[in-house]
Amino acid sequence: MTSADRPATVGAVRPAADNVVVLRGVHYAVDDKPVFRGLDVSMCRGSVTAIMGPSGTGKTTLLRLITGQIKADAGEVLVDGLEVARLGRLDLYALRRRMGMLFQNGALLTDLDVFENVAFPLREHTRLPESLLRIIVLTKLHAVGLRGAAALMPQQLSGGMARRVALARAIVMDPEILIYDEPFAGLDPISMGVVMRLIRSLNEALGITSIVVSHDVREIAQIADESYLLSEGQVVASGSPQQLRDHPSPIVKQFMEGLADGPVPFHYPAPDYREQLLGGGEGA
Amino acid sequence: MRAVAGEFLQSFLSFLERIGRLARFSFQLLALTPGGLLRGRLLIEQVYNAGALSLVIIMTCGLFVGMVLGLQGHELLQRFGSVEMLGSGAALTLLKELGPVVTALLFAGRAGTALASEIGLMRATDQLSAMEIMAVDPMRRVVLPRFLGGAIAMPLLTAVFVVVGIYGVQLIGVQFFGIDQGQFWSQMRGSVELRDVREGLVKGVAFGVACSLIAVYEGYHADPTAEGVGRATTRTVVISAVVTLLLDYILTALMI
Amino acid sequence: MRPSRTIDVSTGLFVLLGFAAILFLVTQITNREFVLRSNSYLLLAQYENVGGLKPGAPVSMAGVTIGRVAEIHYDMKLYKAVVVMRMDGRYNQIPKDSDASIFTAGLLGGQYVGISPGGSDEVLKDGDKFEMVQDAIVLENLISKYLFNQAGKKSADAPAADPPAAKE
């Protein structure tokens, strides 16, 4: 997708819409290592929000906080006004039915074929007659362009195709929130283009809120309404892709322009170079 | 000295933690069992997975074990001049000990590892996580049917093993060594009681529950990496073997 | 759908096979006495010494097992052991004066109750007691009896054996 055919709505600030997902002052640590130190993030209903950051900043952890798979040590995580950490199992599951998530590697169930994979949530949660179920599944597969692959097994799909099937599965229950965990990772340019188009068009067509976690700056710039850049467990920059590109902070600059060295150092901490070479025998 | 004591305490505590986790897991499964028995489709698939697919190895090994029993038994009994006891002795051995224990060990090796690696792989490829997000409880959908499938399949496999084993004994004793067929069976009938069959089946059920539980637990708690899954399958076999033999002693002591 | 039909059929076969195996084990290789429960009746016998008789031991007549020892207890008033036997209802024509003795199966085998029929016209009914009994043979008694016998024989021969020695 070139900037020529980027929809006009990208980057536009939506009028005073409510925030579907809000994280306020979230602290979370794993084994005494802090992952989030007072994180504040909010996502507007109907928008595509991107979460970016260097590897290991806990982007996936953030998603798990939103889906309620983990609980924050402090702070609030609100989804549609409900505090996720406080929900009982049944309520949590009810909330999850309103969300759809696309995993990095698709996470298709390997013992079911494509059709059954997409049908899975329907079979588990609804008692739709078989004919209706078939129509829904085929419709969703058509939306991602894979209606013809319905009989294939996950092992027979390429990475891009698997991800598209996973997307079809994520939208089969018509969720209100769609979460994408590194949707562009490892894809060839064509597949990337396909996924980008799908994210954007699904967002428009279904009126949902999309949250995209990625570090592909160029792709994000083309589809996100708002982006958050995380570093060291906090938000270091937020705003439209344009605003981030013009951001003065050095770490934002390093990330957005892909510079090898900067606030995130090139060299892993090591003793003095000269001393180690000439001193001999110390360290690795 | 203090450091050693401290380390010892730590490993003891983590051992306790493990046991606690296993207990909690088991209770969870037990609580879900009544509901699990209703999901016919899933259950059937897992009984097939654990049972029907293990039939070949169970029957083959059963036959060989029976034949060895026949050979060894015949040789030993000849020294005491009571060769006619071959049928009874072998049948009782198979029924009460060899059948349940060997079946359990074979089951752990074939079905146990399959269960553990299936679940472990699902964990490593985020399939379990995906299910959670789709508001489907992986315990109910994936773990429970496999556990029940294994627990149901085991006693049945044990029975098949014993029957095939007895056939093997018969093959050697009657066909090969020429023990009178009528005597062989009548002696057996005379010494085997219903409670012996009951003992064997109770052991089969107990071992089935234990080995399936271990396999399913290891798979579910495997490290989500390739090595993690590998480790989980190894641990399944090892722990299943130890627990089976321990249970064997306990049950034998209780039932004798 | 997928080959779920094959799975169903195979599983069905497997389960059937398993149950068939269990059935085989239960019927073909055990002594089919589990019929005993229905229409059985009880008989009693009192002994000075039951030896190694245990509950579950067979009660037989002419070598055929027609009952089982259900319970053995000691009666403090009679100072005797009471053996309760559960008899197969099919064999309810045991004469009242039959003998119930405790035998040992084989050389070192378990003990059982053997019934030798008497000649009475009346038969034993549920709850009746055997009048004629023979206690279990206890090895120590047997040995001391034998020694006592031998000692008796020796003292009878003794005077004849002495004179050669007295001559000295």
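Keep in mind the model is a prediction, meaning the values are calculated, not measured.

Draft legend 1. Structural context of the overall build of chain C. When helices and strands are tallied, chain C shows two helices and eight strands. The N-to-C order of helical and strand elements in chain C reads α-β-β-β-β-β-β-β-β-α. Going through the 168 residues of chain C one by one, you find that 17% of them count as buried. Pairs at least 24 residues apart make up 64% of the contacts formed inside chain C by residues separated by at least 6 positions.

Draft legend 2. View of the environment of Arg 140 of chain B. Residues and elements named next belong to chain B. By secondary structure assignment, the location of Arg 140 is in helix α6 (residues 138–176). When the 17 C-beta atoms within 10 Å are taken as the criterion, Arg 140 is described as partly exposed. For the pair Arg 140 and Leu 29, spaced 111 residues apart in sequence, the C-alpha to C-alpha distance is 8.5 Å. When residues no more than four places from it in sequence are discounted, the contact partners of Arg 140 are Leu 32 and Gly 36.

Draft legend 3. Representation of the interface of chain C and chain B within the structure. Counting residues at the interface gives 17 residues for chain C and 23 residues for chain B. Each residue belonging to the side of chain C that touches chain B can be placed in one class, and the counts come to 11 nonpolar, five polar and one charged.

Draft legend 4. Focus on the environment of Ala 232 of chain B. Residue and element names in this part refer to chain B. Mapped onto the fold, Ala 232 is located in helix α9 (residues 226–255). Taking the C-alpha atoms as reference points, Ala 232 and Leu 22, separated by 210 residues in sequence, lie 14 Å from one another. Beyond its immediate chain neighbours, meaning those up to four positions away, Ala 232 contacts Ala 116, Gly 120, Glu 218, Gly 219 and Ala 222.

Draft legend 5. Geometry of the arrangement of the chains. Pairwise contact counts over the two pairs of chains in contact peak for chains B and C. Contact between chain A and chain C is absent, and the minimum C-alpha spacing across the pair is 9 Å.

Draft legend 6. Spatial organisation of the domain arrangement of chain C. Each domain of chain C was delimited in the assignment, giving domain 1 (1–30) and domain 2 (36–144). One C-alpha centre belongs to domain 1 of chain C, the other to domain 2 of chain C, and the line joining them spans 44 Å.

Draft legend 7. Expanded view of helix α6 (residues 189–206) of chain A. Residue and element names in this part refer to chain A. If you check α6, its first and last C-alpha atoms are 25 Å apart, about what 18 residues at 1.5 Å a residue would give, namely 26 Å. Residues of α6 that are buried: Val 194, Val 195, Met 196, Leu 198, Ile 199, Arg 200, Leu 202 and Asn 203. On its buried face, α6 is in contact with β3 (48–52), α5 (159–171), β7 (177–181), β8 (209–213) and α7 (217–223). Following α6 by one or two positions, Gly 207 has its phi on the positive side, about 60°.

Draft legend 8. Quick look at the sheet that holds strand β2 (residues 58–61) of chain C. Taken in spatial order, the eight strands line up as β7-β1-β4-β3-β2-β6-β5-β8 (chain C) in an open sheet, and their pairing is mixed. Strands at the two margins of the open sheet, each flanked by one partner only, are β7 (128–129) and β8 (132–134) of chain C.

Draft legend 9. Local environment of the packing of α6 of chain B against helix α8 (residues 194–220) of chain B. Residue and element names in this part refer to chain B. At a closest axis distance of 8 Å, the pairing of α6 and α8 adopts a crossing angle of 145°. For the pair α6 and α8, the sense of crossing is right-handed. Residues of the contact of α6 with α8, tallied by class, amount to 16 nonpolar, six polar and one charged.

Draft legend 10. Summary view of the nonpolar core. One finds Val 118 and Ile 179 of chain A to be the most contacted residues of the largest nonpolar core, which totals 157 residues. Looking at this core, the element that brings in the most residues is α6 of chain B, giving 21 residues. Residues in contact with Ile 179 of chain A, not counting those within four places in the same chain, are Leu 63, Ile 66, Met 99, Met 101, Leu 102 and Ile 211 of chain A. Core analysis: the second largest hydrophobic core is formed by 18 residues, Leu 43, Val 50, Leu 53 and Met 87 of chain C among them.

Draft legend 11. Region of the structure containing the packing of helix α4 (residues 86–124) of chain B against α9 of chain B. Residues and elements named next belong to chain B. Look at α4 against α9: their axes get within 8 Å of each other, and the N-to-C directions meet at 150°. For the element pair α4 / α9, the angle class is roughly antiparallel. As for the relative orientation of α4 and α9, their crossing is right-handed in sense. Together, Val 101, Ala 104, Leu 105, Ala 108, Gly 109, Gly 112, Thr 113, Ala 116, Ser 117, Gly 120, Leu 121 and Ala 124 of α4 and Gly 228, Val 229, Ala 232, Thr 233, Thr 236, Val 237, Ser 240, Ala 241, Thr 244 and Asp 248 of α9 make up the contact between the two elements. Among the residues forming the contact of α4 with α9, the class breakdown is 11 nonpolar, 10 polar and one charged.

Draft legend 12. Highlighting the sheet that holds strand β1 (residues 19–30) of chain A. All names here are of chain A. With respect to topology, four strands assemble into an open sheet ordered β2-β1-β4-β5, the strand pairing being antiparallel. In the strand order of this sheet, the two ends are held by β2 (33–44) and β5 (82–83), each with one partner. The pairing of strand β4 (residues 74–79) with β5 spans two bridges and is classified as antiparallel. Paired with Leu 78 across the two strands is Glu 83, which belongs to β5. Sheet strands touched by helix α1 (residues 59–67): β1, β2 and β4. Its angle to β1, the strand with the most contacts, is close to 120°.

Draft legend 13. Main features of the pairing of strand β3 (residues 64–75) of chain C. All names here are of chain C. Bridge analysis of β2 against β3 gives four bridges, and the strand direction is antiparallel. Paired with Met 61 across the two strands is Val 64, which belongs to β3. Connecting β2 to the next strand, β3, in antiparallel fashion are two residues, including Ala 62 with a positive phi near 55°. Where β3 meets strand β4 (residues 80–87), eight bridges bridge the pair, whose relative direction is antiparallel. Residue pairing for β4: Arg 68 is matched across the bridge by Arg 86.

Conventions used here
Residues numbered from 1 in each chain as written. Chains lettered and ligands numbered in written order. Predicted model: local features only at pLDDT ≥ 70, side-chain atom pairs only at ≥ 80, totals over all residues. Helix = DSSP H or I, 4+ residues; strand = E, 2+ residues; numbered from the N terminus. Buried ≥ 20, exposed ≤ 12 C-beta atoms within 10 Å, placed from the backbone. Contact = placed C-beta atoms within 7 Å. Nonpolar A, V, L, I, M, F, W, Y, C, P; charged D, E, K, R; others polar. Domains from an automatic or database assignment. Expected span 1.5 Å × (residues − 1). Pairing = 2+ DSSP bridges. Axes fitted to C-alpha atoms, helices over the stretch in contact; angles between N-to-C directions. Left-handed = near helix turned anticlockwise from the far one by under 90°. Core = buried A, V, L, I, M, F, W, Y, C linked by C-beta atoms within 7 Å. Parallel < 35°, antiparallel > 145°, perpendicular 65-115°, else oblique.

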